[in-house]
Amino acid sequence: MKKCLKVTLIVIGVLVGIIAIDTLQAKIFDNSPLLKIRESNIDKGLLVNHYHCYDEDVTLFKNVKYACKIEEKPNESKYSKTIDNVTIELNMLDWHFEEQTFEDSKFALKIYKDSKENYATLNFYNNPFGVCGTGRTTEEIILNNGSIGTIGFYGEPIWSDISFYDLNPNIVFINNGLSEKETEEFLEIVKTLNITK
């Protein structure tokens, strides 16, 4: 009987020791505990929780309440417009925009970074977009939603147009004087495009 009690106490002592060492290493070194359950961005240990936040990792005892800071994103403007039952959505990041009208378009949106003189337009033409193929090269762009667009070039590293024939052949971005650096940054806006019916 005494031997059974002794073995039980040794096992309990070893378990308490492991839990104590695991808790101490997590707290001292701000690590995740080894004995844990992971839920989202939190490693839940027996006595401590380890939070994986975007700017830091924090280990705290269970009785302490904590919430990760929300990641600060650059100024972002969401844009949405519905034309003829087609909804166009974009995240403008920190670019400026204004709606315009043209005879050959149902809708046009001027988008610029710093200067209104150098911009791109998002056009929803009355008819499908067409181009001259002479000297034209193309690349694919994959949007965040998995859709594919076509970037058109005319012998320069700066794109001239981006079309979306599979989504809607009448919708296209046209470059009107953006610099090479601006066109690269603008592609991040293009990738957020959603076109839905």
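Summarised in this report is the structure supplied together with it. (Residues numbered from 1 in each chain as written. Predicted model: local features only at pLDDT ≥ 70, side-chain atom pairs only at ≥ 80, totals over all residues. Heavy atoms only, no water.)

Side note on the pattern of salt bridges
Under the counting rule described, the total for this entry stands at 8 salt bridges. For arginine 38, the salt bridge identified is with aspartate 43, shortest N-O distance 2.6 Å. In this structure arginine 38 comes out as exposed when scored by relative accessible area, which is 52%. Among the salt bridges present, the one from glutamate 185 reaches lysine 113, with a minimum N-O distance of 2.8 Å. Taken together, the residues glutamate 185 in helix H2 (residues 180-190) and lysine 113 in the loop between strand S8 (105-112) and strand S9 (119-125) connect sequence positions 72 residues apart. A relative accessible area of 27% means that glutamate 185 is categorised as partly exposed. The exposure class of lysine 113 is buried, given its relative accessible area of 14%. (Salt bridge = Lys/Arg side-chain N within 4 Å of Asp/Glu carboxyl O. Buried < 20%, exposed > 50% of the residue type's maximum accessible area, 1.4 Å probe, protein only. Helix = DSSP H or I, 4+ residues; strand = E, 2+ residues; numbered from the N terminus.)

A look at the sheet that holds strand S5 (residues 78-83)
In sheet architecture, strand pairing relies on hydrogen bonds along the backbone and comes in two forms, parallel and antiparallel. Strand order in this open sheet of 3 strands is S5-S6-S14, and the pairing throughout is antiparallel. Each edge of the sheet is formed by a strand with only one pairing partner; in this case those strands are S5 and strand S14 (194-196). On average, each strand axis in the sheet is inclined to that of its neighbour by 15°, with strand direction left out of account. Bridge count for S5 against strand S6 (residues 86-91) is 6 bridges, and the pairing is antiparallel. Bridge pairing in S6 links isoleucine 83 to valine 86. (Pairing = 2+ DSSP bridges. Axes fitted to C-alpha atoms, helices over the stretch in contact; angles between N-to-C directions.)

Some details on the packing of aromatic side chains
Considering all chains together, one arrives at 7 aromatic pairs under this definition. Ring centres of tyrosine 79 and phenylalanine 107 lie 6.4 Å apart, and the angle between their planes is 20°; this geometry places the pair in the stacked category. Here tyrosine 79, found in strand S5, pairs with phenylalanine 107, found in strand S8; they are 28 residues apart in sequence, far enough to count as distant. For the pair phenylalanine 173 and phenylalanine 186, a centre-to-centre distance of 5.4 Å together with 80° between the ring planes defines the contact as edge-to-face. Taken together, the residues span a long stretch of sequence, with phenylalanine 173 in strand S13 (residues 171-176) and phenylalanine 186 in helix H2 at a distance of 13 residues. On the basis of relative accessible area, phenylalanine 173 is assigned to the buried category, the value being 0%. The class of phenylalanine 186 is buried, set by a relative accessible area of 0%. Each residue in the set Trp95, Trp159, Phe164, Phe173 and Phe186 is aromatic and connected to the rest through ring pairs, giving one cluster. Against the face of tyrosine 119 rests lysine 110, its NZ or CZ located 4.5 Å from the ring centre. (Phe/Tyr/Trp six-rings, centres within 6.5 Å; stacked < 30°, edge-to-face > 60°. Lys NZ or Arg CZ within 6 Å of the ring centre and 35° of its normal.)

Re the sheet that holds S9
Strand order in this open sheet of 7 strands is S7-S8-S9-S13-S12-S11-S10, and the pairing throughout is antiparallel. Strands at the two margins of the open sheet, each flanked by one partner only, are strand S7 (96-100) and strand S10 (137-142). Put simply, the sheet's adjacent strands are angled 20° from each other on average, direction ignored. The strands touched by H2 within the sheet are S8, S9, S10, strand S11 (148-153), strand S12 (161-163) and S13, with S13 carrying the most contacts at an inclination of about 160°. (Contact = heavy atoms within 4.5 Å.)

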